[in-house]
Amino acid sequence: MTATAARTGAIDLGAIGATLEPRPMVEASGVSKWFGDVVAVSEVSFTLGAGVTALLGPNGAGKSTMLRLLAGLVPPDRGELRILGRDPRADIAVLRRIGLVPQQETVFDSQTAFEFVHMAGVLHGIPKPDRAAKQALALVELEHRDPRRLSTYSRGMRQRVKVAQAIVHSPRVIVLDEPLTGLDPRQRRHMTRLFHELGDLGCCVIVSSHVLDEVERFGSNVLVIAQGRLAAEGDFRAIRDLMEDRPHRLRITSDHPHQLAGHLLADGLIMGLELIDARSVVVETNDVHSFRRNVAVVAREIGARLSEVVPLDDDLDSVFRYLVGRP
Amino acid sequence: MTAVLGSRARVRPWSRRPVPRRGRTSRTPGAFAAIYRLMLRNQASIGRVFAVMALGVGAILLGAAVGLQHTVDPVHDGAELINRYGLTILVPVVTLVFSSSTLGDLIDDRTLVYLWLRPVNRLTVAAAAAGAAMTICLPAVTVPLVICAALTGGGIALVGGTAVAAAVGVVGYCGMFVALGLRFKRALVWGLAYILLWEGYVAKASKTASRLSLRAYTRSVVSQYTGVRLDQAGLTIVAAVLVPVVVGIVFVLLTGRRLKKTAVD
Ligand SMILES: Nc1ncnc2c1ncn2[C@@H]1O[C@H](COP(=O)(O)OP(=O)(O)OP(=O)(O)O)[C@@H](O)[C@H]1O
Ligand SMILES: [Mg+2]
């Protein structure tokens, strides 16, 4: 309790601090977690405030472990975590303000969607769990009167029920582990919009993903995690540029590939090239943006027909490897 | 773009709600009932119910068989049957099946997170799990055993002793096996090892080991009620009734403590 609260014996100002002063809602400092020999999260530090933050990383990067640490499901081996100024493992009262969508698909199969979300509300001690459960289900476009058990639900429907149980108690910190998996494009858009609205309301929304396009839609703030380490942090555009600001390899298919490659080299648009066959070459460039802008122009100038430009290493893995390998 | 949250957001500015003070977790009325109901429903699987019914019918048939033989000492023979079949197999095995899975199943299918994430005292979760297991096991073992005892012709003392022994056994074993389900991935195997190896062999070898097996207490109840001398059953009625109940309670407390510290998948 703060000194003021102790004096007045009334409202704990420290507890409402997050809205009175710009204290970070989520704070990780030097957090490490390992499972046996596997280092899942290594020396990660960041602070987050209100709004949507994407946690981006390839499979096995440590995203789920990081999110589980945030929700207090596992203790860190090193470092400290603070959610709304509290340690989520030592102080379970703070769980009232945290919502989590875990990665696993399983839910309580013997319950209906309403029972599942209602139970979450009851266990969170909210005053009107009935109403809140109906509203939460409506927010994810599920019918609260559906009598079917969750065991009969599709993957996408389960995903939405999981989101409903995470917001039924109006949490301030919402942690979602790959919440868009299994959803159709329309539902993806709907969910993304919901996350943004929650962020605009002042909630700290953390969404993990291994899909770059998805992250682009989540918004501007991104944490990139690879091999357990925080590889980059900041605005999505800055991170995208960082990812693109590296040697790219692309395959060009054309009726005059060699001639085209020669001109590109002469213009400084590519750094190196490798002849593949009579119709294609592989080129390497450091500035993929201006390469893409200019390759068609050069082709037109020399009268070559460009059939295809395919990036060879645009998969996220190579991007992450590059980011992690940076000094 | 239409708003998803709509008017709800305006009515309730969630982001401004204060964080409850530390330790304020007990204000979740209905938490015990909700978890208890969930556990009861999870346990009601056809396979389990069928297996338990088969064991119960077995007890009744055995009781009838002993009764029909019209032996010289039906009290002694009845007590031996209750001891050998009821207290040695039926009570521990049925409670093992239903207790170890209350929390164990949630760990296996990774749904424990949906209880753990809530600001609910961990002891409440442990107590609800044990309570649900007992709710199923008490009738599931007491009813067939009491019928069995009655059919042997052992009289009211045997029937009463059997009912009390089965009930205190259920309380002790339930607490123990709920904890086992939280602690071990293969709780059924560990539980059977305890029942068969520890209670079956090791407990026979030494008096101390015998005191550390619940069966010594449940037997003593039957022995005290009927006056029949049973193997490793020399405890007073007070100890025989109290110790299993205390064991059950202590294991529920331990389960609550372990839940607090456990890493949840
Ligand atoms: N309970 C556990 N026991 C042992 N190793 C674990 C455990 N949880 C995670 N790991 C390991 O930690 C590393 C990070 O795993 P994590 O699940 O956090 O990755 P992720 O980024 O969520 O991957 P994905 O995109 O596949 O979900 C992996 O090498 C994984 O094998
Ligand atoms: Mg994951």
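This text follows the structure it describes.
Position numbers for residues count from 1 along each chain, tracking the sequence in the order it is written. For this description, chains carry letters from A and ligands carry numbers from 1, given in the order in which they are written. Reporting of local features is limited, given that this is a predicted model, to residues whose pLDDT is at least 70; pairs of side-chain atoms are given and counted only at 80 or more, and all residues count toward the totals for whole chains, interfaces and linings. No hydrogens and no water enter the side-chain calculation; it runs on all heavy atoms of the structure.

**Description of the pairing of strand β7 (residues 204-209) of chain A**
Residues and elements named next belong to chain A. Stated formally: To sort residues, take the accessible area from a 1.4 Å probe on protein chains only and compare it with the maximum for the residue type: under 20% means buried, over 50% means exposed, and anything in between is partly exposed. Numbering goes from the N terminus for both helices and strands, where a helix is a DSSP run of H or I of at least four residues and a strand is a run of E of at least two. Strand pairing requires that DSSP identify at least two bridges connecting the strands. Crossovers are marked right-handed if the path from the first strand over the helix to the second runs clockwise, as seen with the strands pointing away from the viewer.
Counting buried positions along β7 yields six of six residues, so the element is predominantly enclosed. Across the two faces of β7 the burial is the same, with Cys 204, Ile 206 and Ser 208 and Val 205, Val 207 and Ser 209 all buried. Bridge count between strand β3 (residues 51-56) and β7: six bridges; the pairing is parallel. Note on β7: the bridge partner recorded for Leu 55 is Ser 208. Looking at chain direction, strand β6 (residues 173-177) and β7 are connected through five bridges and run parallel. Its bridge partner being in β7, Asp 177 is matched across the sheet by Ser 208. Traced from β6 through helix α7 (residues 185-200) to β7, the parallel crossover comes out right-handed.

**Considering the coordination of the magnesium ion (ligand 2)**
All names here are of chain A. Selection rule: Each metal's donors comprise the N, O and S atoms found within 2.8 Å of it (within 3.2 Å for Na, K or Ca). Water is not part of the atom list, so some coordination spheres may appear incomplete.
Only Ser 64 (OG) and Gln 103 (OE1) from the protein reach the magnesium ion (ligand 2) as donors, at distances of 1.9 to 2.2 Å. With Ser 64 in helix α3 (residues 63-70) and Gln 103 in the loop between β5 (98-101) and α4 (113-123), this residue pair connects regions lying 39 residues apart in the sequence. Looking at Gln 103, the relative accessible area reads 39%, which means it is partly exposed.

**With respect to helix α8 (residues 187-205) of chain B**
All names here are of chain B. For clarity, the threshold we go by: Under the convention used throughout, the expected extent of a helix is 1.5 Å for every residue step, that is, one less than its residue count. Bend, in this description, refers to the angle at a residue between axes fitted to the seven residues ending there and the seven starting there. Two residues qualify as a contact provided that any one of their heavy atoms is within 4.5 Å of a heavy atom in the partner residue.
Taking 1.5 Å of rise per residue, the 19 residues of α8 would be expected to cover 27 Å, and the 25 Å separating its terminal C-alpha atoms lies within 8% of that figure. Where α8 bends most, the angle comes to about 40°, and this point is Trp 198. Along α8, the residues that are buried comprise Ala 187, Gly 191, Tyr 194, Ile 195, Glu 199, Gly 200 and Ala 203. On its buried face, α8 is in contact with α4 (74-108), α7 (155-183), α9 (207-211) and α10 (214-226).

**Looking at the sheet that holds strand β9 (residues 229-235) of chain A**
All names here are of chain A. Heads up, the condition is: Note on definitions: angles span 0 to 180 degrees between N-to-C directions of axes, and those axes are lines fitted to C-alpha atoms, for helices only across the stretch in contact.
A sheet is described by the order of its strands in space; here six strands give the open sequence β5-β6-β7-β3-β8-β9, paired in mixed fashion. Where the open sheet ends on each side, the last strands, each with one partner, are β5 and β9. Strand-to-strand, the axes of this sheet are offset by a mean angle of 15°, without reference to chain direction. Here β3 runs beside strand β8 (residues 221-226); their pairing, made up of four bridges, is parallel. Within the sheet, the bridge partner assigned to Leu 56 lies in β8 and is Val 224. Contacts between α3 and the sheet are confined to β3, β5, β6, β7 and β8, with β7 contributing the most and set at about 155° to the helix. Sheet contacts for helix α6 (residues 155-167): β5 and β6; angle to β5, the most-contacted strand, approximately 170°.

**Section: the environment of Val 94 of chain B**
Tracing the sequence through the fold places Val 94 of chain B in helix α4. Residues in contact with Val 94 of chain B, not counting those within four places in the same chain, are Val 52, Leu 55, Ile 89, Cys 137, Ala 140 and Val 141 of chain B.

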